[in-house]
Every structure is written in C-alpha cells, then in structure tokens.
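Spelled out from the first residue to the last, the chains are:
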Amino acid sequence: MRQIARVSFVCAGAACLGMIAIELAFEALVVGEARPRDTAWMQLAIKLSRGIGIDLFEIFPPWVNRSFDLSDATDAAQYFGLVCVVSLALAWSAAALILTMVSLVRGLTDGPRWLVVEDKAAVLVLSAFAWPGLSALFWLGARGYAKALHFALGGLLCLVIAALGVWLSARPAISDRWISRLGFANTTTISLALAAGLLGVVLAPEFRWSGVVSPDPDAPNVVLISIDTLRADHLGCYGYPRDTSPAIDRIAAEGVLFENAVSPTSWTLPSHMSMMTGLSPAQHRITNWGRRLDDDVVTLAEVARESGYATAGFVAGPFVEGTYGFSNGFDVYDDHSAMMPPPSHQGITSPLLFGLVDRYLGAWNSADRPVPFFIFLHLWDVHHNYQPPAPFDSMFGPVQEGVSHGKPDLLDKPEDAEELMKLYDGEIRYVDTYVERLFQRLEELGIADDTILAITADHGEEFLDHGRLTHRQQLYEESIRVPLIIRWPEKIPPGQVVAAQVRLQDIAPSLASMIAQSSAPEFGRRSDSGASVGVDLSPLILAGATEAEWEDITPRIAFGSLDHLDEKLAYARTNRFKLIRRVSPIEEVQLYDLWNDPDESTDLSGEMPDMVAQLSDELDHWQSRHNDQSEYFIETDVSEEHKANLRALGYIE
Ligand SMILES: [Zn+2]
C-alpha cells in the first residue's frame, strides 16, 4: 500500500506539473495573457465545488480572475506560482481521496491475485485522474485555441505517466530505487512550486492598479452599465407610465439622454461586441458562438488600459463571456456568474454583480486610488425568465397564476403577454435599485461627479408587439431601440435630450475620446487603420450642442441585421422612416413612418415606393461594402460546458 501511495503521489504531481508547463507555455506563446481561473485544475475545482453547491469564487481571492501579462517577468512569475500552488493542492487532494478509497476497498476484500490487479488499476485510475488535461480541455476549448493539440499532449502525458506507474508498481526492486529518486525530484519540484506559489500569493496584489502609461491627472473614472434586454420605452425617462426606473431617470436628468439610440441587431453577443469595438456586426461578424474577436482588433477596454486606466469587467450572461474576446483589455474580467448553475437567468444576479463591483471599488479606494478605473458592468436580471424577487414581483399589479414563473415559452394566450410585462417591469425596477446602490457607492467615495456613468442596453424585448416574444426574433423598435444615458456633471451639461439617431457602435469611440483626452483613439484593426467605426459623439455631448449640430454629425441612416435560424433580415433606419427587409423565410419589405406610427403597425411600402427604393439602395450599398472586409474574428470552438449553458438557456439546439 505504501508503494501505491508513493507511486500515486509521484504520478499525480508529475502529471500536474507537466500540464502546468504545457498550459503556461501555450499561454505565454499564443495568448500572451492568462487568468488563474482559466487553468485546468481551477476549472475542475470550480466545477466539482459547484456540484456540491459551493461557489469557490466566493472563497477565492480576486486574483483568480485577474489577467496576468505573461510578457512581464514579475507577472509571469506570480502567475506561475499561483497556478502551481492551487493546482498541486487540488491534484494531491484528489490523490489522497483516491488512495483512501482504494485502501477502504482493500480492507473489505482479500485475495493476493486480485490485489495485484487492483494495485495496477489503482495507479492507472489515479494517473488518469491526475490528468489535468482532461479539464484543461475545457480551458483551451473555451479559449478556442488548438483544442486537438492540447488534447493530444495531455493524453500523451497521461499515458506515459500511467504506463510508468504500472510498470513501476509491478517491479518492487526497481521501483523502490526509482521511486525514491523520482519521489525526491517530485518532492523537491513541488516544494519549490509551493514556495513560489506562496510567494506569489503574498506578492500578487488583488488587482492591478498600474496602467501602461501614467494617466492624465484629470482623467475621469468610467462606469459603463449594460442592462441586458432593456427596451428604452419601458423606462420613465423615455416616457413609460409605470415608475420602473427612478434612479435611472434621475441620472438621465443630470446628464444627456439619447431618445433614438439603436442597436445594430437584436441579441446579446454581436450587440455587445459592437458596443466594445465601435464596429457594426456586419464588420466584426461575431454573430455565432464559434467566433472570437481577433486580438488585433482594438476594444474600448484596451484604449482605457493604454490610457493608464485600471480596467475591470463584471458580467452575468454567457454571450458576454471572455471567451468571445470580451475580456481583451480588461485587467479583471469576472464572468463567473455567467456560468452559474442554474443558468444565470433563472437566478438573481444583480446582488452578486453589485458585490463584485463593490469589492473592486473598495480595493481601489484602499490602494489610495492610484489610477482612474474603467468598469464595465453587465446586468442580467431584466432578461427572461422574468423572476423579480418580492416586492418587485407584484409591484405593477398582481400577476395571474400560471405566468408567475415568468417563462415566455409557456405563454398560452395573448393576454398573458401583459402579465409577463408586469414581471419584466418588476425586473427593471429591481435592477434600478442596484443602479442606485452603485451610484450611492460612487457618492460615498466622493467620485460620483468626476465619473462618467453611461447606461445602455444591448437590445430590447418583444411582448407580442409583432407576434413574437423575447428577442433575436425581429428588428422592430421594441427589439432595437435601447436606452443611452451618459452622466458626467463635471463636463456634460445636465438635462440634454438628443433626438438625433445614434447607435451602439458610437459608444466606444465616444467614451474612448473622453478617456484618452489628448489623442483620438482608433478602432478597428491595429494593422489596417481606417476602418469605418462608430461616430465620436463626445464633442457635442460635452458642448451641449443644438439639434441641428447633432443632425450634422450623427449617421443619417442606421443599419442593422439579424441572421438566426430561418430568419434573415436587415433594416435601414432614418430618424423618421424605417425599412425592414426580410430575405428568409419569405421575401418581403416593410416601411414604417416612426414619427406618425412609432409602433410600426402600418406598412407604407406600397404607398411610398420612392422611399422604399431609396432605403433599399442604401441598404444594398451598406451590405456590399462589408463583403470585402478584412477579418475581425478567428474561428474557435467553445467548450462543451459553455455550449451546455447556452443550450440550457435555449440559445442553441
Ligand atoms: Zn442580451
């Protein structure tokens, strides 16, 4: 038994260190950055702990979510140490657990021949279990890099170690000698790794506060809040009769509100990518889960970091996970709540997200506010299922029995949409309280007025307005018109209401310009400048411009598209007219006068052929312009776990 124990621990340690070496080399050479939480053992531990209802993220210090820059020697050393200490602790715990089980089984059975087989089997099982490659698969799969290569390397390493283990355990004379040597080497390596790890733990700061350059001393902090699935017309400040948004309304009154902000599509992944890159989905084309933003494409977080900001993202939905490239440029990108069981939209996530931001702000304050911060906060509770906690579940009237679960797919009659909407509105009010709490936190810190607070959404939501429910279905106003509010009392004149049409992809250049005050940052690919991106609205926002000035710089026509299952459609929208063209499953064109028919109930395409022709031409032109675009994404394959999560949310079949 002692023999098995020694072989087992040697195997577990060797496999673990081997995989760490492979992962580290891969990250350093290919990715350039790494988060401890993305490593194989950490992922496995997170998975196992969730299986028994523990959220390790509550226990782990924030550095597990920090991005370590592997081209920086100090960062790389800290990262290596941290990963070693956690991985070995987990690998050895697993080894100890298996040995305990084997010894229990042995205590219950007898028979020398069986025992010999059992010894070999135990070593084999242990080696396999010690194979962090099994779970490393999830990591590299999620990052989308060379899954097959990593699988092969991990498998090979595992086989070699298992074979060695079996061979040694059957040869007591050789193994005694070699195991003592191997054990010595193993123990030495492990001791060194543990020491490095402990040093890493001691030295690694919770968060990274030093930017790439020294920031402008007057640089404002920035908080960008995206409230997933929030249609503009359900907020008080956009004229909604129900009191869904007192905090957001007050923030809007103290800043600038865009009445006609539109999303280029009606679902989470491409919309957020546009928000972060200034590119339209027709350009970045990250429109399904098999694509990841190319690292060469500039993101808002990268502009902030390069301007000396500390950058942090806290997100709650699977289509905003770092794996799509959203984490690019963020020192901390915490998307763990996007992977929570039950699927995050069935739980309540705002308190968790607020807690993470609160912790971050607290750490920033304790570190004597070394640099300004850029925080991206993605709030998810408004997204279906609509399950606001009490008292928000009945705040807008009692909801009929049967729809109280808030699942749109279980709706059986049209009137139930009204009931669902009460719950949806309750969710908005609920999230509004967290916007208020965040605002209060900024006030407590005395930074509310020199922080740019931007509030928007990725798309809206349908409640049978045009025969469908939820989103990623159509491109009517309820799906694409989103709130956009920016408050910065030090620079932005309060009470501005802008009627000119703006787009989600205008947010990145506008905020970037306010962040990098001295130089206008460029978006698109670094290697080929000049990509057409969103408009920098900041000069007019800061000046409090007239409507005519706004009309001058904002896009006269906004374009968008949706390609999902059978649905293939696109829109061209001026501030007054909107053309929606469907090419699948049927071909049709619709035209609406948004001034006189904001609900898009009367199709004017028959009455206004000239307008149809003009907008169709523009739409054709826009679509053909993007046909020869350079590639902004790389093909990837996401992890099985991520796919399972998307499946649970009903996003993929
Ligand atoms: Zn969304």
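Q: Please explain the coordination of the zinc ion as it appears in this structure.
A: Around a metal, the perfect tetrahedron of four donors has angles of 109.5 degrees, and the perfect octahedron of six donors has angles of 90 or 180 degrees. Only Asp-228 (OD), Asp-228 (OD), Thr-268 (OG1), Asp-458 (OD) and His-459 (NE2) from the protein coordinate the zinc ion, and they sit 2.0 to 2.8 Å from it. As a motif over one chain, the donors of the zinc ion read D-x39-T-x189-D-H. Placement of Asp-228 in the loop between β3 (221-227) and α9 (246-253) and of Asp-458 in the loop between β9 (451-456) and β10 (462-463) is noted, with a sequence separation of 230 residues between them. You'll find Asp-228 and Asp-458 in the same group, each marked buried.

Q: How do you make sense of the nonpolar core when you look at a structure like this?
A: Soluble globular proteins tend to bury their nonpolar side chains together. By size, the foremost hydrophobic cluster in this structure holds 133 residues, and its most contacted members are Leu-224, Ile-227, Phe-258, Leu-300, Tyr-360, Phe-374 and Phe-376. It is helix α14 (residues 416-444) that contributes the most residues to this core, 13 residues altogether. Other than its neighbours up to four places away in sequence, Phe-374 contacts Val-222, Leu-224, Leu-300, Ala-301, Ala-304, Tyr-309, Ala-310, Thr-311, Ala-312, Phe-330 and Ile-515. Ala-45, Phe-68, Ala-76 and Val-85 belong to the second-largest nonpolar core, a separate cluster that totals 22 residues.

Q: Can you walk me through the pattern of salt bridges in this structure?
A: When their charged atoms lie close together, side chains carrying opposite charge are able to pair. Enumeration over the complete set of coordinates arrives at 30 salt bridges. Across the salt bridge formed by Asp-465 and Arg-231, the nearest N and O atoms sit 3.2 Å from each other. In this pair, Asp-465 is assigned in the loop between β10 and β11 (469-470) and Arg-231 in the loop between β3 and α9, connecting sequence segments 234 residues apart. The residue Asp-506 makes a salt bridge to Arg-503 at a minimum N-O spacing of 2.9 Å. In this structure Asp-506 comes out as buried when scored by relative accessible area, which is 0%. Overlapping salt bridges, with partners in common, bring together Arg-250, Glu-254, Glu-436, Asp-449 and Arg-487 in one network.

Conventions and cut-offs
- Per chain, the residues get numbers from 1 upward, laid out in the order the sequence is written.
- With pLDDT at 70 or above as the cut-off, local features in this predicted model cover only qualifying residues; side-chain atom pairs require 80 or more to be listed or tallied, and sums for whole chains, interfaces and linings still use all residues.
- Only heavy atoms go into the side-chain values, all of them from the structure, while hydrogens and water stay out.
- In this analysis a donor is any N, O or S atom within 2.8 Å of a metal ion (3.2 Å for sodium, potassium and calcium), and since water is not included, sites may seem incomplete.
- Labels follow the DSSP assignment, with helices taken as runs of H or I lasting at least four residues and strands as runs of E lasting at least two, numbered in each case from the N terminus.
- Throughout this description, buried means an accessible area under 20% of the type-specific maximum (1.4 Å probe, protein chains only), exposed means over 50%, and partly exposed covers the range between.
- Put simply, buried Ala, Val, Leu, Ile, Met, Phe, Trp, Tyr and Cys residues joined by side-chain atoms within 4.5 Å make one nonpolar core.
- Residue contacts follow a heavy-atom distance rule, with two residues in contact if any of their heavy atoms lie within 4.5 Å.
- One side-chain nitrogen of Lys or Arg within 4 Å of one carboxyl oxygen of Asp or Glu is enough to make a salt bridge.

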